[in-house]
Amino acid sequence: MSDTGFTVPAAAPPASTSPVKANAPRGWSRFFHWMVEANVVMVTALAIFSGLFVGAVLIIATQANVLHAWSLLFSHPGTTVSVTFFTVGDAYRDLFTGSLGDPFVIGHAIATGHGWGQALTPLSETLLYASPLCVAGLAVGLGFRTGMFNIGGQGQLIAGAMAASYVGFEIDPPAIIHVPLCILAGFAGGAVAGFIPGFLKARTGAHEVIVTIMLNYVFLNLLVLALTTQPFQQPHQANAVGRTIFGSAELPHIFGQNLRVNVGVFIAIACALGVSWLLRRGTLGFGFRVVGANQDAAKVAGINVRRATILVLVISGGLAGLAGMISLCGSDYFLSAGYGGTVGFDCITVALLGRNRPIGIVLGSLLFAALNVGGRYMQASTGIPLDLASVIQAIIVFFVATPGLVNEVYRLRGMNVGQGLLTRGWAA
Amino acid sequence: MKLELSGITKTFGSLVADDHVDLTVEPGEIHALLGENGAGKTTLMNVLFGLMHPDSGDIALDGEVVHFPDPGAAVRHGIGMVHQHFMLVPVFTVAENVVLGFEPTRHFGLLDRRRARADIHRISQEFGLEVDPDALVEDLPVGVQQRVEILKALSRDAQLLILDEPTSVLTPNETEALFAIMRSLVVSGRSILFITHKLKEVLAVADRITVMRAGAVIGTTTSQATTESELASMMVGRSVELVVHKEPARPGEVVLAVEDLTVEDARGLTVVDHVSFEVRGGEILALAGVQGNGQTEIEEALCGLIEVAAGRITLLGRDITRATPKARLRAGIAHVPEDRIRDGLVTSMTIADNLILDVFDVAPHARLGARNLREVACSGKERMSDFDIRAGSVDVLVSTLSGGNQQKVIVARELSRQTTLLVAAQPTRGLDVGSIEYVHRRIVEVRDRGAAVVIISSELDEVLALGDRIAVIYRGAIMDVVGPSVGRERIGLLMAGVTGDGAASSQTGVETGQ
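Residues numbered from 1 in each chain as written. Chains lettered and ligands numbered in written order. Predicted model: local features only at pLDDT ≥ 70, side-chain atom pairs only at ≥ 80, totals over all residues. Heavy atoms only, no water.

(A) Main features of the overall build of chain B. From N to C terminus, chain B includes 17 helices and 22 strands. Its C-alpha atoms give chain B a radius of gyration of 25 Å, within 12% of the compact-globule value 24 Å for 514 residues. By principal-axis analysis of the C-alpha atoms, chain B measures approximately 70 × 55 × 50 Å. The buried share of chain B, reckoned over its 514 residues, is 56%. Accessible surface, chain B as shown: approximately 20600 Å² in total, 51% of it carbon and sulfur. Charged side chains of chain B number 50 positive and 71 negative; the gap between the two group centres comes to 4 Å. (Helix = DSSP H or I, 4+ residues; strand = E, 2+ residues; numbered from the N terminus. Rg over C-alpha atoms; globule rule 2.2 N^0.38 Å. Buried < 20%, exposed > 50% of the residue type's maximum accessible area, 1.4 Å probe, protein only. Areas by Shrake-Rupley, 256 points an atom, 1.4 Å probe, with all protein chains shown as cover. Lys, Arg positive; Asp, Glu negative; His and termini not counted. Charge placed at Lys NZ, Arg CZ, Asp CG, Glu CD.)

This is the structure in structure tokens:
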């Protein structure tokens, strides 16, 4: 800065007209960005820790034996501490071993070369659960990144699964043709379901949130209708159960018949890479982002906002449809009423968890799947209800979605987490 | 009331907004605080008004050091502030707005409207601020709304009035009226701190002038002892051309022809009323008018952003009335939109991305649907230096740039295409003197290369400096087309809808004016 106080005009130094803000990343930009990412990682890690901590408190508060131990706090404090410690410890150990694998079993498999199937089952189940969740999460994340709130994951997922199942049971070509056809059908089914809100928004300005939510009911009930009529209904069945797809339409398992994990994992990875490329390098994705960030500027710059609006929802819906296809052709093989369960909504959570970035969504879906698969195991072995795993999930997402709160609780300073990433996704 | 600021320093992180600023305002004087955007004027005023707290330094009123923890404290000490963006409730009446926050009440907390009205009446009588206390604020013209803001401050018994860029929204006549009010206020012993970056106004109304640059006070002078160009060089730190140097226009072929253009708004009201004009290559047509008289709609119609109800727009003989914005861009229309943040930029993206917003999907910036990020960065760098955009790198987010640099990004983008027609709306609004000079020079360059230029501006200085012909628009119709030499008064009157002697001869026709 120049001299203080009064100076004669002539003596004033010829300074630059606009002082450049100090935080402009120059050669340090890589490091700077890494720092921002690191902060995001930090907040996410702390959010997970917080979720586990609150979960531990809930275990203590809800398990009869622990409560009993706490009633002995003054007479036998040692018992209180040890029962609490072991109950919580056992629960979390089961959560871990049930989702990723038991280190001892894995060690045994490595040592003897036997028992790999048992050792890898938890991981296989986690990946199986994660794949459709990841693809559906990408669908939501892509929408959020481009200013579009696709809440219709459930409906699009059902549409994709229906299309894939139709192709799966109606024709029976060799697997090398059949599987790609099912993939296409799944994407197309979801894309059609996504086109509807996209078209309505582009043409009439109907808000996609309302339309997609309402379409969820439409597809849910369309599915029920289809499952009670031909050709979808399983022959000689009174219940609303779909026909089983041919074996040639099933997604091949990666590690043999015993482990259910299948090529859906690769489809999910390919989708993540694809979406990542689209947003970073694709001209289409750039147009989407401009429209998402500022529609008026997009229009002035000659970008066709209507077309972009429709295309975003078509692609997003297609991805959700693909998620339905992955679970149908990968593990379920036939449709049932309410197909997809909560995946159509969990994927929103996953997208938030991953801050709408492909890599984050991949990790988020893995975490979500691990908590779910591990939670089931925990329930079976310790009797702690699966709902507790859901509570932990919810709390983690809660903290991830409110970085300010994490900063407050853990007194992080100078963190550049800001409200930016998430709220920008939700704004506009 | 005498105000003394001494050694006020305020930093934001590593950015020093105000660096040991000293400023004294004597009782009964109009003191202008002059400086470019980002010079630290607004920060200083926010400190003074209790909206921000200084890192160091003192505020003294009549020799007594005071601290303002919040704006309420500043108000109690007799400081009033009229913000650049009015803080009024549009659906409330003038009286309700004035008493808002300090409502005179009767029993049971009932609003004492009669007293409120009487107070307003008294104050407006005293200072010649004519306002109807019962009018709804949303129905009032901007100039009157500003009066309400001033009334509000005076009703709180303000002895020092801070006016932040008060003239940016006013017509020339409204500005004159405001100056008259300011003069009558200081006669009563009040002081006024007048924040602006407009040199003419400073010289017209201020007693003393303090110039700030880059957070520091450069000097204080009186309006008698200085000149426009001296003030400008104090502000910018180098000598500045205040006059746009341009050769007389050499008009060529008709590039843009607008015939009977009619535009209706969402409610079906006619906002552009059978407007016809022509612009030739190599000339600048300035569309002058007070904000909201249909200029924005003409701009949008030219660029394909709104539906046209009737009429025809042709570019080089080709009918483009229904062409898409993209087709128009490709046909050589460059567009500098009025609201650069809303329409011109994606502030959450980088400079490089914003520089190619219109051509991101064509070679060399992209190939087969894949963006060539290296080329984008490369051409971005080139344009940054060509157009003097000041930032650390092309990867800097546009939101962090100053207004002047943001505008340069738009100008750089728009002028990088083949330009047959440039439509620039309020091209220098809110820009500092240095950037204004720069943008004006670029616009004249475009003209001299043979393009047709349409400037839409509510700044009379700009209209007079740039326009080869000036079309004055009022309530959606062109009042007259005149040459720049007819003088400010005549154009000012036309802007207010007064056609005067013989001026009504040609309502919508095209003429050279001279």
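(B) Highlighting the sheet that holds strand β8 (residues 191-196) of chain B. Residue and element names in this part refer to chain B. One open sheet holds the 6 strands; their spatial order is β6-β7-β8-β3-β9-β10, and the pairing between them is mixed. Across the chains shown, the open sheet's two edge strands, defined by having one partner strand only, are β6 (79-82) and β10 (216-222). Here the strands of the sheet are splayed against their neighbours by 20° on average, with no regard to which way each runs. Pairing of strand β3 (residues 30-35) with strand β9 (residues 208-213) involves 5 bridges; the strand directions are parallel. Bridge pairing in β9 places A32 opposite I209. Contacting β6 and β7 (160-164), helix α5 (residues 142-155) crosses the sheet at an angle of about 165° to β6. (Pairing = 2+ DSSP bridges. Axes fitted to C-alpha atoms, helices over the stretch in contact; angles between N-to-C directions. Contact = heavy atoms within 4.5 Å.)

(C) Inspection of the packing of helix α9 (residues 264-280) of chain A against helix α12 (residues 305-332) of chain A at higher detail. Residues and elements named next belong to chain A. One way to put it is that α9 packs onto α12 with a least axis distance of 10 Å and a crossing angle of 170°. When the axis of α9 is compared with that of α12, the two are roughly antiparallel. On the side of α9, the interface is formed by G264, I267, C271 and V275, while α12 contributes L319, L322 and I326. Here the residues of the contact of α9 with α12 are counted per class, giving 6 nonpolar, 1 polar and no charged. (Parallel < 35°, antiparallel > 145°, perpendicular 65-115°, else oblique. Nonpolar A, V, L, I, M, F, W, Y, C, P; charged D, E, K, R; others polar.)

(D) Up close: the sheet that holds strand β16 (residues 333-336) of chain B. Residues and elements named next belong to chain B. Read across the sheet, 6 strands follow the order β16-β19-β20-β13-β21-β22 without closing on themselves; strand pairing throughout is mixed. The strands lining the two open edges of the sheet, one partner per strand, are β16 and β22 (477-482). Each strand of the sheet is rotated relative to its neighbour by a mean of 15°, with strand direction disregarded. Two elements, strand β19 (residues 421-425) and strand β20 (residues 452-457), share 5 bridges in a ladder whose sense is parallel. The residue bridging A425 from the neighbouring strand is I456, located in β20. Lying on the sheet, helix α9 (residues 295-303) is in contact with β13 (284-288), β16, β19, β20 and β21 (469-474); it crosses β16 at an angle near 145°. Strand contacts of helix α15 (residues 433-448): β13, β19 and β20, with the helix running at about 150° to β20, the strand carrying the most contacts.

(E) Examining the nonpolar core more closely. Of all hydrophobic cores here, the largest spans 125 residues; its most connected members are L319(A), L335(A), I351(B) and L422(B). With 13 residues, the top contributor of residues to this core is α12(A). Residue contacts for L319(A): discarding those within four places in its chain leaves V135(A), L138(A), A139(A), L142(A), F187(A), C271(A) and V275(A). (Core = buried A, V, L, I, M, F, W, Y, C linked by side-chain atoms within 4.5 Å.)

(F) A nonpolar patch on the surface, seen in detail. Residue and element names in this part refer to chain A. A surface patch of nonpolar side chains, about 480 Å² in accessible area, is lined by I171, I176, I177, L181 and L184. Checked against the element boundaries, L184 lands in helix α7 (residues 175-204). A relative accessible area of 58% places L184 in the exposed class. (Patch = residues over 30% accessible without salt bridge, like charges linked within 9 Å, V, L, I, M, F, W, Y side chains within 5 Å. Salt bridge = Lys/Arg side-chain N within 4 Å of Asp/Glu carboxyl O.)

(G) Spotlight on the pairing of β20(B). All names here are of chain B. Among the 6 residues of β20, 6 are classified as buried, and the element is accordingly described as predominantly covered. Side chains A452, V454 and I456 project from β20 onto one buried face, and the interleaved V453, I455 and S457 project onto a second face that is buried too. Here 5 bridges tie β13 to β20, and the two strands are oriented parallel to one another. Within β20, the position partnered with L287 by the bridge is I456. Between β19 and its parallel partner β20, the chain crosses via α15, and the hand of that crossover is right-handed. (Right-handed = clockwise from strand over helix to strand, strands pointing away.)

(H) Representation of the pairing of strand β4 (residues 56-61) of chain B in the model. Residues and elements named next belong to chain B. In this structure, strand β1 (residues 3-12) lies alongside β4, joined through 5 bridges in antiparallel fashion. Pairing of L3 across the sheet is with L61, part of β4. From the end of β4 to the start of strand β5 (residues 64-66), which pair antiparallel, there are 2 residues, and D62 there has a positive phi angle of about 50°.

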